[in-house]
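Coordinate inspection notes
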Amino acid sequence: MKIAIIGTGYVGLTSGVCFASKGHSVKCIDVIEEKVDLINSGKSPIFEEGMDELLTDVLGKGLLKATLDAKNAINEAEVVFLCVGTPSSDDGKINLDYIKSAAKTISENLNNHKVIVVKSTVVPGTTINVVKPILEESGKSFGICMNPEFLKEGSAIKDFLNGDRIVLGVDSKNTEEIMRNVYTNFPQEIFITNPTTAEMIKYASNSLLATKISFANEIGNVCKKLGIDSYDVMDGVGLDKRLSRSFLNSGAGFGGSCFPKDVKALLHKGLEVGEPMTLLKSVLKVNDEQPLRLIELLKKHINPEGKNIGILGLAFKKGTDDIREAPSLIIIDELLKLKANIFAFDPKAMEHIKKLYPNINLMNNAQEVVDNVDVVMIVTDWDDFKNPELYSGKIVIDGRRIKTNAEVYEGICW
Ligand code: UGA
């Protein structure tokens, strides 16, 4: 099938490359020329395991092309995906500016019946009440679908091609049929519903995963006081199939472009309809405070003022260069307030951190950090940091449960 995708971020590019790998003919539309050129040269603008290889493969087969020419790509397509960002406003409310402008672009270029698919994460009601009216301005016929994405950064391709489910919120049987054709070679179970329910499935999923993490952190914080290892606790808890072990790892808290933003957006939507969501509010509160617990542990051993403090791991998790809402940012800010000298390293996120904090010492590897500091704080669980010998003779404050041979070792929840 001929597919156009607006937006080449994590979701847009992964969708494009994966659909092309299944034999569809894909045009990825973006407004940034450098990104378009980079993609067409076989280089992914985002770091993602296996992306460059798959991108090169589908480009070579002529199944994918990035373009600035939205009109042509939309005109040719049978299905158009909206994969633009939906950031938070200052009050947590979802900002739909990119969605509206992408919908307008589609509306202005609709030439024949197509299915328009919202893949961006949008609060319930957006597809029907915001996107659909803009498309209707075209006066042309279209079908509409809300198809939330469940991929994780760091395993985006694997998750897209082989995740647990595909949710299709469709407006008609005809749209359902076209969307089933898009996903014809995918092994996942397909769940059919309406667009508004599909939107809520995405928020409920992310909010429940975030809740599991904050729950694990809250239990973990009590475990720490009682001398219990919260990982052992969750290993025992997770044997109950109703609960499952996944997303129960305590640590420095969740970050990234999704959980914090999506929980805030849902909270805001709840308030709008007169339902303040107390549980989710607490999920965010636990998460906001979690990175600071590492600083409290640090202070147990050393007064950070004027001391050399190491931070290993800056990305919000391993496998990505993404630092959005990363716990490392809260820790850096606090250490700077306390007048510590920071030495930091991350295998992938250095460029992004350099832009935000030009004055901290960014080292070439973990060993260089350790060699320069009195205390090492582990904030992301990159495999590079898993050599226990690295930490010999040091004080280690661990937010990601990496076993070390440190002289003094403090785990955050164990
Ligand atoms: C998350 C969801 O897992 C995806 O299903 C969803 O599609 C995506 O958001 C999205 O909405 O786009 P992602 O943010 O890429 O994916 O990363 P996760 O692997 O879910 O991790 C999120 C954060 O939670 C990380 O900071 C991670 O370190 C933390 N985490 C995760 C924990 O602290 N403990 C855990 O047990 C698991």
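Thresholds applied
- Residues numbered from 1 in each chain as written.
- Predicted model: local features only at pLDDT ≥ 70, side-chain atom pairs only at ≥ 80, totals over all residues.
- Heavy atoms only, no water.
- Buried < 20%, exposed > 50% of the residue type's maximum accessible area, 1.4 Å probe, protein only.
- Helix = DSSP H or I, 4+ residues; strand = E, 2+ residues; numbered from the N terminus.
- Pairing = 2+ DSSP bridges.
- Right-handed = clockwise from strand over helix to strand, strands pointing away.
- Near = heavy atom within 4 Å.
- Polar contact = N/O pair within 3.5 Å; in protein donor to acceptor, adjacent residues only side chain to side chain.
- Areas by Shrake-Rupley, 256 points an atom, 1.4 Å probe, with all protein chains shown as cover.
- Nonpolar A, V, L, I, M, F, W, Y, C, P; charged D, E, K, R; others polar.
- Axes fitted to C-alpha atoms, helices over the stretch in contact; angles between N-to-C directions.
- Contact = heavy atoms within 4.5 Å.
- Domains from an automatic or database assignment.
- Buried area = accessible area lost by both parts, 1.4 Å probe.
- Salt bridge = Lys/Arg side-chain N within 4 Å of Asp/Glu carboxyl O.
- Parallel < 35°, antiparallel > 145°, perpendicular 65-115°, else oblique.
- Left-handed = near helix turned anticlockwise from the far one by under 90°.
- Patch = residues over 30% accessible without salt bridge, like charges linked within 9 Å, V, L, I, M, F, W, Y side chains within 5 Å.
- Core = buried A, V, L, I, M, F, W, Y, C linked by side-chain atoms within 4.5 Å.

1. As for the pairing of strand β6 (residues 142–146)
Here β6 lies mainly inside the structure; 5 of its 5 residues are buried. Residues Phe-142, Ile-144 and Met-146 point to one face of β6 and Gly-143 and Cys-145 to the other, with burial holding for every one of them. Examined bridge by bridge, strand β5 (residues 114–118) and β6 share 5 bridges and lie parallel to one another. Along β6, the bridge assignment pairs Lys-114 with Phe-142. Taking the sense of rotation as the criterion, the β-α-β connection linking β5, helix α6 (residues 126–136) and β6 turns out right-handed. In this structure, β6 lies alongside strand β7 (residues 165–170), joined through 2 bridges in antiparallel fashion.

2. Focus on the site of the ligand
In the vicinity of the ligand lie 20 residues, with Leu-151, Glu-153, Lys-202, Asn-206 and Cys-258 positioned nearest. At 2.7 Å from an oxygen atom of the ligand is found a main-chain nitrogen or oxygen belonging to Leu-151. The separation between an oxygen atom of the ligand and a polar main-chain atom of Gly-255 is 3.0 Å. Protein contacts shield 89% of the accessible area of the ligand, which totals 710 Å² for the unbound molecule. For the shell around the ligand, the elements supplying multiple residues, two or more each, are α9 (195–226) and α11 (259–272). For the shell around the ligand, the element with the most residues is α9, which contributes 3 residues. Split by residue class, the shell around the ligand holds 9 nonpolar, 4 polar and 7 charged.

3. Remarks on the sheet that holds strand β2 (residues 25–29)
Taken in spatial order, the 8 strands line up as β3-β2-β1-β4-β5-β6-β7-β8 in an open sheet, and their pairing is mixed. Strands at the two margins of the open sheet, each flanked by one partner only, are β3 (64–67) and β8 (189–193). When the angles between neighbouring strand axes are averaged without regard to direction, this sheet yields 25 degrees. With respect to the sheet, helix α5 (residues 97–109) is in contact with β1 (2–6), β4 (79–82) and β5, its orientation differing from that of β4 by roughly 160 degrees.

4. Let's talk about the domain arrangement of the chain
The domains assigned to the chain are domain 1 (2–193) and domain 2 (226–411). Taking the mean C-alpha position of each, domain 1 and domain 2 sit 32 Å from one another. Domain 1 puts 15 residues into the contact, and the matching count from domain 2 is 17 residues. Between domain 1 and domain 2 lies a buried interface of about 1300 Å² when both sides are counted; carbon and sulfur atoms form 56% of it. Seen at the junction of domain 1 and domain 2, the total is 1 salt bridge. Notably, a salt bridge pairs Glu-153 with Arg-324, separated by 3.7 Å at the nearest N-O pair. Connecting domain 1 to domain 2 are 6 residue pairs in polar contact (both at pLDDT 80 or more). Here the side of domain 1 that touches domain 2 is composed, by residue class, of 6 nonpolar, 5 polar and 4 charged.

5. Looking at the packing of α9 against helix α12 (residues 278–301)
Contact geometry for α9 and α12: axes closest at 9 Å, N-to-C directions at 45 degrees. The orientation of α9 with respect to α12, classified from their angle, is oblique. Of the two possible hands of crossing, α9 and α12 adopt the one that is left-handed. Every residue of α12 that contacts α9 at Ser-207, Ala-210, Thr-211, Ser-214, Asn-217, Glu-218, Asn-221 and Lys-224 is listed here: Leu-280, Val-283, Val-286, Asn-287, Gln-290, Arg-293 and Leu-297. Among the residues making up the contact of α9 with α12, the classes are represented as 5 nonpolar, 7 polar and 3 charged.

6. Quick word on a nonpolar patch on the surface
Nonpolar side chains collect at one region of the surface, where Val-222, Leu-226 and Ile-228 lie side by side and expose about 270 Å² of accessible area between them. Judged by relative accessible area, Val-222 falls into the partly exposed class, the value being 47%.

7. Section: the sheet that holds strand β9 (residues 308–312)
The parallel open sheet is built from 6 strands, whose spatial order is β11-β10-β9-β12-β13-β14. Each edge of the sheet is formed by a strand with only one pairing partner; in this case those strands are β11 (361–362) and β14 (408–411). As paired strands, β9 and strand β12 (residues 375–378) are joined by 4 bridges and run parallel to one another. Of the residues in β12, the one forming a bridge with Gly-310 is Val-376. Against the sheet, α12 makes contact with β9, β12, β13 (395–398) and β14, and its axis sits at roughly 160 degrees relative to β13, the strand it touches most.

8. Some remarks on the nonpolar core
Formed by 51 residues in total, the largest nonpolar core has its most connected members in Ile-311, Leu-312, Leu-335, Met-377 and Tyr-391. Elements supplying a minimum of two residues to this core: α12, β9, α13 (327–337), β10 (341–345), α14 (350–356), α15 (366–372), β12 and β13. Discounting chain neighbours no more than four positions away, the residues touching Met-377 are Leu-294, Ile-295, Leu-298, Ile-309, Gly-310, Ile-311, Leu-312, Ile-331, Leu-335 and Ile-397. Ile-74, Leu-135, Met-146 and Leu-266 belong to the second largest nonpolar core, which has 42 residues in total.

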